[in-house]
Amino acid sequence: MEAPKTFLPPGGGYEGLSVYKKATVIFDLTYHFAHRFLTVGDRTIDQMVQAARSGKQNIAEGSAASSTSSETELKLMNVARASMQELLVDYEDYLRVRHLKKWELKDERAFKTRNFCKTHQAPTDFMENIELRSDEAIANIVITLIHQFDSMMGKLIERLELDFVAKGGIRERMTAARLGYRQQQGDEIQRLSEENQKLKEEIKRLRERL
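None of the values given here were measured: they were computed from a predicted structure.

What counts and how
- Residues numbered from 1 in each chain as written.
- Predicted model: local features only at pLDDT ≥ 70, side-chain atom pairs only at ≥ 80, totals over all residues.
- Heavy atoms only, no water.
- Helix = DSSP H or I, 4+ residues; strand = E, 2+ residues; numbered from the N terminus.
- Buried < 20%, exposed > 50% of the residue type's maximum accessible area, 1.4 Å probe, protein only.
- Contact = heavy atoms within 4.5 Å.
- Axes fitted to C-alpha atoms, helices over the stretch in contact; angles between N-to-C directions.
- Left-handed = near helix turned anticlockwise from the far one by under 90°.
- Nonpolar A, V, L, I, M, F, W, Y, C, P; charged D, E, K, R; others polar.

Student: Got a minute to help me understand the overall build of the chain in this structure?
Tutor: Helix and strand content of the chain: seven helices and zero strands. Mapped in sequence order, the helices and strands of the chain form the string α-α-α-α-α-α-α. Looking at the chain residue by residue over its 210 residues, the buried ones come to 36%. Restricting to contacts in the chain with at least 6 residues of sequence separation, those with at least 24 account for 79%.

Student: I would appreciate a short explanation of the environment of A51 in the present structure.
Tutor: Looking at the element boundaries, A51 is found in helix α2 (residues 43-65). A51 gets classed as buried once you look at its relative accessible area, which sits at 4%. In this structure the C-alpha to C-alpha distance between A51 and L87, which are 36 residues apart in sequence, comes to 5.8 Å. Not counting the four nearest positions on each side in its chain, A51 is found in contact with S83, E86 and L87.

Student: Is there a simple way to explain the packing of helix α1 (residues 18-37) against helix α3 (residues 70-97) in this structure?
Tutor: Taken N-terminus to C-terminus, the directions of α1 and α3 make an angle of 35 degrees; their axes are 13 Å apart at the nearest point. Of the two elements, α1 crosses α3, and the hand of that crossing is left-handed. Taking contact as the criterion, the partners of A23, I26, L29, T30, F33 and F37 in α1 are, on α3, M84, L87, Y91 and Y94. When the residues that make up the contact of α1 with α3 are grouped by side-chain class, the tally is nine nonpolar, one polar and no charged.

Right, here's the structure in full:
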C-alpha cells in the first residue's frame, strides 16, 4: 500500500518572487539613501532602514511559513506591505520638508523610471552610478518602486486569500489528508477482499473437478 501523500504544500522559494526581488532593491537603495543624505544620529535612519528590511524579511518569513500556516503567511505578507507604506511616507516627508519635487505621473522622469523599474529587478541595475544621483532622484525612484511593490503585493495577498478559502488552513488540509488516506485504505481492503473471494471460488472449482 502506498504511503499517504503529505498535506503540507512546499514552502519557501521566496527568492524567486518578483515582489521579494523588488523589496530587496528598495532595501538596498534605502540603506544607501539613509546613510548618505540623513544626518548621523538622526533616528529616521534606523526607522527607514528597518521599515525597508521589514518589508523584505517578512516576505521571506511568510513564504517559509506557508507550508504549516496559511494564516501566518497572510499575516506576514500584510506586515511587509504595511512596512513599505510606512517607508513611503518617510520618503514623501523627506521631499516635502526640504522643498524637493515629487515627480508627477506625467513627468518624463517619472515615466522613464516606471518603465525601468518594471523591467529591472537586480539591485546592481539600480546601484550603478548611484553616487551621481541626487537625493531627490533616489527618493523618487524608491517611491516608484514602493508603488509597484504595493500593487504586486496586493495581488499576491488576494491570491493567497483565495487559496486559503478554497483549500483551508493546515487543520483543513490535515483532515483532508486523513480522510484521503482512510479512503485509500478502504479501497485497498475492498480490492484484497474481492481477490480473496475469487481465490476461494477457484479453489472450490478445482476441488469439484478433482
